[in-house]
Amino acid sequence: MKSREIRRTMAVFPMGSVMKLTDLTARQIRYYEEQELIFPERSEGNRRQYSLNDIDVLLEIKDYLSEGLNMAGVKRVIQLKQEEEQKKQKRTNAVTEEEVRRIFQDELMGQGNLLKPDPRSIFGNFRN
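Calculation rules
- Residues numbered from 1 in each chain as written.
- Predicted model: local features only at pLDDT ≥ 70, side-chain atom pairs only at ≥ 80, totals over all residues.
- Heavy atoms only, no water.
- Helix = DSSP H or I, 4+ residues; strand = E, 2+ residues; numbered from the N terminus.
- Buried < 20%, exposed > 50% of the residue type's maximum accessible area, 1.4 Å probe, protein only.
- Core = buried A, V, L, I, M, F, W, Y, C linked by side-chain atoms within 4.5 Å.
- Axes fitted to C-alpha atoms, helices over the stretch in contact; angles between N-to-C directions.
- Parallel < 35°, antiparallel > 145°, perpendicular 65-115°, else oblique.
- Contact = heavy atoms within 4.5 Å.
- Nonpolar A, V, L, I, M, F, W, Y, C, P; charged D, E, K, R; others polar.

J.: Sorry, what's going on with unusual backbone geometry here?
T.: Outside of glycine, negative phi angles account for most residues, and trans bonds account for most peptide bonds. Of note in this structure, D23 is not a glycine but carries a positive phi near 60 degrees. Tracing the sequence through the fold places D23 in the loop between α2 (15–22) and α3 (26–34). Using a relative accessible area of 63% as the deciding quantity, one classes D23 as exposed. At N46, a residue that is not glycine, the phi angle is positive and equals roughly 65 degrees. Within the element layout of this structure, N46 appears in the loop between β1 (41–42) and β2 (48–49).

J.: Explain the nonpolar core here, please?
T.: Nonpolar side chains in soluble globular proteins tend to end up buried together. Within the largest apolar cluster, 17 residues are counted, with the highest numbers of intra-cluster contacts made by I29, Y32, L37, L58, I61 and I78. Those elements that place two or more of their residues in this core are α2, α3, α4 (52–66) and α5 (71–93). Ranked by residue count, the leading element in this core is α4, at 5 residues.

J.: What should I look at first to understand the packing of α2 against α3 in this one?
T.: The packing of two helices is summarised by the inter-axis angle and the distance between the axes. Running from amino to carboxyl end, α2 crosses α3 at an angle of 100 degrees, the nearest separation of the two axes being 10 Å. Classified by the interaxial angle, the pair formed by α2 and α3 is roughly perpendicular. On the side of α2, the interface is formed by M15, V18, M19 and T22, while α3 contributes A26, I29 and R30. Among the residues making up the contact of α2 with α3, the classes are represented as 5 nonpolar, 1 polar and 1 charged.

Don't take any of this as a statement about function, it's just geometry.
This is the structure:
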C-alpha cells in the first residue's frame, strides 16, 4: 500500500470534526454507518474514528441525496464503485502467465550466472 493510501485510510477524525467537514448531523453519520456505507474504527474509549476515505464517502452520499437519489440508489452506486475498485486492484496485482515465465527465466539465468558477459570475448557475447 502506498504511503498516500495509508494516510487516507488512517482513522483519526472524531465525530465532531466529521460533522463540521461534511455538514451532516451525528445521527445522519451513524445512520450511514448502520447502512454499512462507512466503517469507522473505534478508539480505546469506543469512540468512532473516521478516515479521509470515510469523509469522502459521506460527501458522496450527501451529493447523491441532494441530486434526488434515494437511499437504495445511493447504496447501489457506492456498491458498484467499490466493486469496480476491487476489480481494478485485482488487475493491477495480477501477473500474467507470460510475465511469470519471463521472471522465472530471468531468475534461472541469473542464478546460473548466464547473464554475465564473457570478458574474453571482443563482442561481449553471453556464455551459454
